[in-house]
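One letter stands for each residue in the lines below.
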Amino acid sequence: MDAVKRVRLSPEERRAQLIDLGVRMLAERPLEQISVEDIADQAGVSRGLLFHYFASKHDFHVAIVRHTSTEMLARTAPDLELPAIDMLRDVMASYVDYVTENRDTYVSLLRGTASGDPAMREVFESTRAEMARRVVEQLPNLGIEPDARIALSVRGWIAFVEEATITWLRTPEIPRDELIELLVAALPAVALSAGAAEALLRG
């Protein structure tokens, strides 16, 4: 691709531009194949200037992943005006639509080499923690009073959502709406089973 014309930007604008270019490249190739040279060429800046904004190539890659995670959280923010179950359904629909639109990026980050990097895992963990916090906060509106066991079950549900969605992306054997209903129904089933199982074991 041809290099773009050099444009004078503020430091904040230039950093945001470089991250945006990285995010767009991530849709076309794995994170580890995004080179500093390609980004600098696309931005119309020198390779050295890119390192003025990022300490290293790894730091730049972490910034790309953090931006992607922030974008996903923004897209899946709950609509607090909706009834609880409709809110959950709306969030799951937004999540499925987001990962469908960013399929290669999503699978690459969760299943690629980036997933084994400590700094990347910290970003993923922070994202999942925020997703879990949102869910636990709304559980009372579903008639479920959260405790430590239920909060742990919610983390397991998030792992289920990720795995089910990745599998569906690869082999979409059920329609989108059925996937969404499956993800929605799984939350109360998993959360309630934590208390139900304990009661059963107590006899």
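Residues numbered from 1 in each chain as written. Predicted model: local features only at pLDDT ≥ 70, side-chain atom pairs only at ≥ 80, totals over all residues. Heavy atoms only, no water.

The protein chain is annotated in an unreviewed UniProt entry as TetR/AcrR family transcriptional regulator from Rhodococcus parequi.

Draft legend 1. Spotlight on the overall build of the protein chain. Of the regular secondary structure elements, the protein chain holds nine helices and zero strands. Put simply, the protein chain runs from its N terminus to its C terminus through helices and strands in the order α-α-α-α-α-α-α-α-α. Per-residue burial over the protein chain gives 40% buried out of 203 residues. Within the protein chain, residue pairs in contact and separated by at least 24 positions form 67% of the contacts whose partners lie at least 6 positions apart. Accessible area for the protein chain stands at about 11,100 Å²; split by element, carbon and sulfur atoms hold 56% of it. (Helix = DSSP H or I, 4+ residues; strand = E, 2+ residues; numbered from the N terminus. Buried < 20%, exposed > 50% of the residue type's maximum accessible area, 1.4 Å probe, protein only. Contact = heavy atoms within 4.5 Å. Areas by Shrake-Rupley, 256 points an atom, 1.4 Å probe, with all protein chains shown as cover.)

Draft legend 2. Inspection of the packing of aromatic side chains at higher detail. Scanning the model with the defined rule gives two aromatic pairs in all. Ring geometry for tyrosine 95 versus tyrosine 106: centroids 5.9 Å apart, planes at 85 degrees, classification edge-to-face. Of this pair, tyrosine 95 sits in helix α5 (residues 84-101) while tyrosine 106 sits in helix α6 (residues 103-111), placing them 11 residues apart in sequence. This pair shows no difference in class: tyrosine 95 is buried, exactly as tyrosine 106 is. (Phe/Tyr/Trp six-rings, centres within 6.5 Å; stacked < 30°, edge-to-face > 60°.)

Draft legend 3. Molecular detail of the nonpolar core. Core analysis: the largest hydrophobic core is formed by 34 residues, its most contacted members being Met92, Tyr95 and Trp157. Beyond its immediate sequence surroundings of up to four residues, tyrosine 95 is in contact with Met72, Thr76, Tyr106, Met131, Val161, Glu162 and Thr165. Formed by 25 residues, the second largest nonpolar core is a distinct cluster that contains Ile19, Leu21, Ala40 and Leu109. (Core = buried A, V, L, I, M, F, W, Y, C linked by side-chain atoms within 4.5 Å.)

Draft legend 4. Representation of the UniProt feature "DNA-binding region" (unreviewed entry) in the protein chain in the model. The feature "DNA-binding region" (unreviewed entry), as given by UniProt, occupies residues 35-54 in the numbering adopted here. Between the end C-alpha atoms of residues 35-54 the distance is 13 Å, and the span holds 75% helix and 0% strand. (UniProt positions renumbered as here; feature names shortened; annotations may be inferred.)

Draft legend 5. Helix α4 (residues 57-75), seen in detail. Between the first and last C-alpha of α4 there are 27 Å, a value that for 19 residues agrees with the 27 Å anticipated at 1.5 Å per step. Looking at the buried side of α4, the elements it contacts are α1 (11-26), α2 (36-43), α5, α6 and α7 (118-138). (Expected span 1.5 Å × (residues − 1).)

Draft legend 6. Layout of a nonpolar patch on the surface. Judged by side-chain polarity, Phe160, Ile174 and Leu182 come together as a nonpolar surface patch covering roughly 230 Å² of accessible area. Looking at the element boundaries, leucine 182 is found in helix α9 (residues 176-202). Assessed through its relative accessible area of 42%, leucine 182 is described here as partly exposed. (Patch = residues over 30% accessible without salt bridge, like charges linked within 9 Å, V, L, I, M, F, W, Y side chains within 5 Å. Salt bridge = Lys/Arg side-chain N within 4 Å of Asp/Glu carboxyl O.)

Draft legend 7. Here's a closer look at the pattern of salt bridges. One pass over the structure, following the stated rule, counts 14 salt bridges. Here glutamate 137 makes a salt bridge to arginine 133, at a shortest N to O gap of 3.2 Å. You can see glutamate 137 and its partner arginine 133 sitting in helix α7, four residues apart, about one turn around the helix. Of the residues examined, arginine 133 reaches a relative accessible area of 42% and is grouped as partly exposed. Between arginine 149 and aspartate 147 there is a salt bridge, with its nearest N and O atoms 3.3 Å apart. Residue aspartate 147 is classed as partly exposed on the basis of its relative accessible area, which comes to 32%. One connected set of salt bridges, linked through shared partners, spans Glu130, Arg133, Arg134 and Glu137.

Draft legend 8. Looking closely at the packing of α5 against helix α8 (residues 148-170). α8 packs onto α5 with a crossing angle of 45 degrees between their chain directions and a minimal axis gap of 11 Å. Here α8 runs oblique to α5, going by the angle between their axes. Note that α5 runs across α8; the crossing there is right-handed. Contact with α5, carried on its side by Leu88, Met92, Tyr95, Val96, Val99 and Thr100, involves Trp157, Val161, Glu162, Thr165, Trp168 and Leu169 of α8 and no other residues of that element. Broken down by class, the residue content of the contact of α5 with α8 amounts to nine nonpolar, two polar and one charged. (Axes fitted to C-alpha atoms, helices over the stretch in contact; angles between N-to-C directions. Parallel < 35°, antiparallel > 145°, perpendicular 65-115°, else oblique. Left-handed = near helix turned anticlockwise from the far one by under 90°. Nonpolar A, V, L, I, M, F, W, Y, C, P; charged D, E, K, R; others polar.)

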